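Coordinate inspection notes
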Amino acid sequence: MTETAQPENEEKACTVCSIKSDERILLSGEDKGKQVWVCVRCLPILIHGGH
Ligand SMILES: [Zn+2]
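Residues numbered from 1 in each chain as written. Predicted model: local features only at pLDDT ≥ 70, side-chain atom pairs only at ≥ 80, totals over all residues.

**Re unusual backbone geometry**
Positive phi outside glycine occurs at S18, with the angle close to 65 degrees. Along the chain, S18 turns up in the segment before β1 (26–31). Phi at K32 is positive, roughly 55 degrees, even though this residue is not glycine. As for its placement among the helices and strands, K32 is situated in the loop between β1 and β2 (34–39). Judged by local crowding, K32 falls into the exposed class, with 5 C-beta atoms found within 10 Å. (Helix = DSSP H or I, 4+ residues; strand = E, 2+ residues; numbered from the N terminus. Buried ≥ 20, exposed ≤ 12 C-beta atoms within 10 Å, placed from the backbone.)

Here it is in structure tokens:
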């Protein structure tokens, strides 16, 4: 019998503060064509352009 490897569940984490979705709500977005995850706390920073 061949063991079917579970598809590695890519753990979502905020791209800004690296917090996981089990600690805070993460929202998915797109940055230059790549999917990114941002938590609700870092989202306002992105909206206001924290550069
Ligand atoms: Zn964050």
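Past the structure itself, the notes keep going.
**What to know about the environment of L43**
Tracing the backbone through its elements, the reader meets L43 in helix α1 (residues 43–47). The spatial distance from the C-alpha of L43 to the C-alpha of C14 is 9.6 Å, given a sequence separation of 29 residues.

**Let's talk about the pairing of β2**
Residues in a regular strand point their side chains to alternate faces of the sheet. Two strands pair when backbone bridges link them, and β1 and β2 are joined in this way by 6 bridges, in the antiparallel orientation. Bridging from a neighbouring strand, D31 pairs with K34 of β2. In sequence, β1 turns back onto β2 through a hairpin of 2 residues, with K32 there showing a positive phi of about 55 degrees. (Pairing = 2+ DSSP bridges.)

**Topic: the nonpolar core**
Within the largest apolar cluster, 6 residues are counted, these being C14, L26, W37, V38, C39 and C42. Take this core: its biggest share by element is 3 residues, from β2. Excluding residues that lie within four positions of it along the chain, W37 makes contacts with K12, A13, C14, T15, L26 and S28. (Core = buried A, V, L, I, M, F, W, Y, C linked by C-beta atoms within 7 Å. Contact = placed C-beta atoms within 7 Å.)

**Structural notes on the environment of T15**
As for its position among the elements, T15 is in the segment before β1. Under the C-beta neighbour-count criterion, T15 is labelled partly exposed, with 17 such atoms within 10 Å. Distance in space between the C-alpha atoms of T15 and C42 is 8.9 Å, their sequence separation being 27 residues. Excluding residues that lie within four positions of it along the chain, T15 makes contacts with V36, W37 and V38.

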